[in-house]
Amino acid sequence: MNNIAHHPASFKDPSGFVFQKNNIFYRQINQTYKDDYDLLMSSGLYDELINKKYLLSHQEINENFTGSAERYKTILPEQLSFISYPYEWCFGQLKDAALLTLSIQKTAIAHGMILKDAAHFNVQFHNGKPVFIDTLSFEKYDSSQPWVAYRQFCECFLFPLYLQRYLRINVQKLMLTYPEGIPASITKELLPWKSNFNLGVGLHVSLQSTIKTGNNSGDYKGEFDQKKMLNLVNNLEESIKGCTIKKHTTTWSTYYDETIISQSYLSEKETIFLKLISLIEFKKVLDIGANDGFFSKVISEKATSVVSVDFDSHCINNLYAYTKKQKASNILPLCIDFSNPTPAIGFNNTERSSFLDRAQFDVLLGLALVHHLAISKNIPLQNIAESFQKIAKTVIVEFISKEDEKVQQLLQHRKDIFSNYNEVEFIKAFSKYFNMISTTNIPGTHRIMYLLSRKEN
Amino acid sequence: MDVNLLYIDPGSGSYLVQMIIAAVLGGMFYIKTIWKRIKLFFSKNKEAPENEHVDE
């Protein structure tokens, strides 16, 4: 007998499943998927996808860890440093993941295979790039059949991109509500009238929402061919490439460029920050309220990986564009609101884990953050400290006192009910969970940088 | 919600959609090809085209 359980998100496909042993992820391939797996490996498709860095590489393992009689092979995929979900991605990330999926589809067709599953959950960000992780999503291509995953692709990728393009809204919350993709009917209702002038919207959204599943028997054998398939995939590719959003600014996306008190503040803060990070050893960093990623970029020089989160998806989109351009491949920007982090969703509430369940880091950065949580969101300092200590053993946090102009702005239009928001209470709250390693005033400001180390029980 | 939707293979409706899209895209490709030929025909009459090997 064995006690190895499937990964909670890995139960839909009988071809195999993911499991964890000694904190390492493996994938079992079942006998039912034997022919397709062998074709993937022998057709040259796997090698080409690996060469192009489209697919997560793996090696075959001899041991049968699960003891299952259905097992054909066990593979050990390259391990990912952090799992993110599509509803945490910015526009640019979703777009790149969509284009990757289509490129894989075209490569697969050229090798006599096709994607049977085109869900956005099959893509992860690894070393700064989207990579397809589901080795079991390929099957033998029958050119007489249309693409079985076409609608799934549209609902997971194309429709959210259209909604973001036309409505200029953050589509992440909507994607969280529809984890299997935003249906055509909902997309159609939400898109503005002018979107009808777009050929892609007409073909993929309007047509699908009109025809739905109807009472069609679905027997169209022999009427489709490879040329039609490639036309379809190319059209999807063009539609997605044509999907752009204006690079517009929010209060936060120019925070450091314009609204900060002075440039000298930033350089003073950077000097202190560099000194603090020279005192500690770390690999994995979480930067909360990362904004344009200034400090993520600084610490990424020394870290193995940095996850930079901010609730402002435009900031994250800009940061993602930067990481792509500068090849800052160890920074993963994500749209996450720390005052309302991603919940666990799906079957049993375990299919997709919450952000805090995934958030285990060596260092947590909370720079120019605490006043927003404490004053804008009314979160007591002790609750903030308690949350931080669950995430990382080392914390670099900035406390901004009430005299600061930014805090004054937050208090401008509301009653000051925050008598406990001061340095003494801050130290008291954080001392419950952390030892104070270093305290540094940022010269000329009402801001203090703390280096904290978690008290281990 | 249409109750029928719950009992129908989710792929089936999208097959018909893909048929129609493929037909539309195929038609557009055909029109584009004809349009290119017309343009080429007139540009040949006016002056020598910049690229002789555009078509065929």
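Residues numbered from 1 in each chain as written. Chains lettered and ligands numbered in written order. Predicted model: local features only at pLDDT ≥ 70, side-chain atom pairs only at ≥ 80, totals over all residues.

Peer 1: Could you clarify how one ought to interpret the overall build of chain A in this entry?
Peer 2: When helices and strands are tallied, chain A shows 17 helices and 15 strands. Projecting the C-alpha coordinates of chain A onto the three principal axes gives extents of approximately 75 × 60 × 40 Å. The burial tally for chain A puts 42% of its 457 residues in the buried class. Sequence-distant contacts in chain A: of pairs separated by 6 or more residues, those separated by 24 or more amount to 68%. (Helix = DSSP H or I, 4+ residues; strand = E, 2+ residues; numbered from the N terminus. Buried ≥ 20, exposed ≤ 12 C-beta atoms within 10 Å, placed from the backbone. Contact = placed C-beta atoms within 7 Å.)

Peer 1: Is there a simple way to think about the overall build of chain B in this case?
Peer 2: A tally of regular secondary structure across chain B gives 1 helix and 0 strands. Out of the 56 residues in chain B, the part that is buried amounts to 14%.

Peer 1: Mind showing me how you'd approach the packing of helix 3 (residues 91-110) of chain A against helix 8 (residues 226-241) of chain A here?
Peer 2: Describing two packed helices takes the angle between their axes plus the distance from one axis to the other. Residues and elements named next belong to chain A. Between helix 3 and helix 8, whose axes approach to 10 Å, the crossing angle comes to 165 degrees. Classified by the angle their axes make, helix 3 and helix 8 are roughly antiparallel. Here helix 3 and helix 8 pass one another in a crossing that is left-handed. On helix 8, the residues that touch K95, A98, L99, L102, Q105, K106 and I109 of helix 3 are Q226, M229, L230, V233, L236, E237 and I240. Tallied by class, the residues present in the contact of helix 3 with helix 8 amount to 9 nonpolar, 2 polar and 3 charged. (Axes fitted to C-alpha atoms, helices over the stretch in contact; angles between N-to-C directions. Parallel < 35°, antiparallel > 145°, perpendicular 65-115°, else oblique. Left-handed = near helix turned anticlockwise from the far one by under 90°. Nonpolar A, V, L, I, M, F, W, Y, C, P; charged D, E, K, R; others polar.)

Peer 1: Looking at this structure, I do not really get the sheet that holds strand 1 (residues 16-21) of chain A. What am I missing?
Peer 2: Note on sheets: strands pair through backbone hydrogen bonds, and any given pair is parallel or antiparallel. Residue and element names in this part refer to chain A. With antiparallel pairing, the 4 strands of this open sheet are ordered in space as 1-2-4-3. Each of the sheet's edge strands pairs with one partner strand only, and the pair in question is strand 1 and strand 3 (58-61). Going from strand to strand, the sheet's axes swing by 35 degrees on average, the running direction of each strand aside. (Pairing = 2+ DSSP bridges.)

Peer 1: What should I look at first to understand unusual backbone geometry in this one?
Peer 2: If a residue is not glycine, its phi is most likely negative; likewise, a peptide bond is most likely trans. At R168 of chain A, a position not held by glycine, the phi torsion is positive, near 50 degrees. With respect to the secondary-structure elements, R168 of chain A resides in the loop between helix 4 (150-167) and helix 5 (172-177).

Peer 1: Teacher, can you tell me more about the environment of D404 of chain A here?
Peer 2: All names here are of chain A. Counting through the fold element by element, D404 comes out in the loop between strand 13 (392-400) and helix 16 (405-411). Exposure remark for D404: the 17 C-beta atoms within 10 Å place this residue in the partly exposed category. Note: C-alpha distance between D404 and K390 (14 residues apart in sequence) is 29 Å. Setting aside residues no more than four positions away along its own chain, D404 makes contact with T445, H446 and R447.

Peer 1: What should I look at first to understand the sheet that holds strand 12 (residues 361-366) of chain A in this one?
Peer 2: All names here are of chain A. Judged by pairing direction, the sheet is mixed, and its 7 strands sit side by side in the order 11-10-9-12-13-15-14 without closing on themselves. Only two strands of the sheet have a single neighbouring strand rather than two, namely strand 11 (331-335) and strand 14 (434-441). On average, each strand axis in the sheet is inclined to that of its neighbour by 15 degrees, with strand direction left out of account. Judged from the 3 bridges that link them, strand 9 (residues 284-288) and strand 12 form a sheet pairing that is parallel. What sits directly across from V285, in strand 12, is V363. Seen against the sheet, helix 10 (residues 263-278) touches strand 13, strand 14 and strand 15 (447-454) and runs at an angle of roughly 15 degrees to strand 15. Running over the sheet, helix 12 (residues 313-325) touches strand 10 (305-310) and strand 11 and is turned about 160 degrees from strand 11.

Peer 1: How should I be thinking about the nonpolar core in this particular structure?
Peer 2: Across soluble globular proteins, you tend to see nonpolar side chains buried next to one another. Within the largest apolar cluster, 124 residues are counted, with the highest numbers of intra-cluster contacts made by L158, Y162, L286, L364 and L365 of chain A. Setting aside anything within four residues of it in sequence, one finds L158 of chain A in contact with A98, F153, H204, L236, S239 and I240 of chain A. (Core = buried A, V, L, I, M, F, W, Y, C linked by C-beta atoms within 7 Å.)

Peer 1: Teacher, can you tell me more about the pairing of strand 9 of chain A here?
Peer 2: Where a strand is regular, its side chains alternate between the two sheet faces. Residues and elements named next belong to chain A. Within strand 9, 4 of the 5 residues are buried, which leaves it mostly tucked inside the rest of the structure. In the sheet, strand 9 pairs with strand 10 via 5 bridges, with the strands oriented parallel. Bridging across to strand 10, V285 finds its partner in V306. In the classification by handedness, the crossover that spans strand 9, the intervening helix 11 (residues 294-300) and the parallel strand 10 is right-handed. (Right-handed = clockwise from strand over helix to strand, strands pointing away.)

Peer 1: What is the right way to look at the packing of helix 15 (residues 381-391) of chain A against helix 17 (residues 423-431) of chain A in this model?
Peer 2: Residue and element names in this part refer to chain A. In the contact formed by helix 15 and helix 17, the axes pass within 8 Å of each other and the chain directions differ by 35 degrees. Here the hand of the crossing between helix 15 and helix 17 comes out right-handed. Counting all contacts with helix 15, which are made through L381, Q382 and A385, the residues of helix 17 involved are E425, F426, A429 and F430. Considered class by class, the residues forming the contact of helix 15 with helix 17 number 5 nonpolar, 1 polar and 1 charged.

Peer 1: Hey, could you run me through the confidence of the model for chain B in this one?
Peer 2: All names here are of chain B. Here chain B averages 70 in pLDDT, and 55% of its residues register 70 or above. Note that pLDDT drops below 50 for residues 1-5; the model gives that stretch 3 contacts with residues more than four away or on any other chain. Below pLDDT 50 for its whole length, residues 49-56 participates in 8 contacts with residues either more than four positions away or in separate chains. Note on the complex model: pTM 0.91, ipTM 0.75. (pLDDT = per-residue confidence, 0-100.)

Peer 1: I keep staring at the environment of F132 of chain A and nothing clicks. Help me out?
Peer 2: Residue and element names in this part refer to chain A. If you trace the backbone, F132 turns up in strand 7 (residues 129-132). Considered as a pair, F132 and S438 are 306 residues apart in the sequence and their alpha carbons are 43 Å apart. In contact with F132, not counting residues within four places along its chain, are Y54, L55, L56, L100, I104, N122 and V123.

Peer 1: Hey, could you run me through the environment of S195 of chain A in this one?
Peer 2: Residue and element names in this part refer to chain A. Note that S195 resides in the loop between helix 6 (184-190) and helix 7 (199-211). For the pair S195 and S43, spaced 152 residues apart in the sequence, the C-alpha separation amounts to 41 Å. Other than its neighbours up to four places away in sequence, S195 contacts Y162, Y166 and V201.

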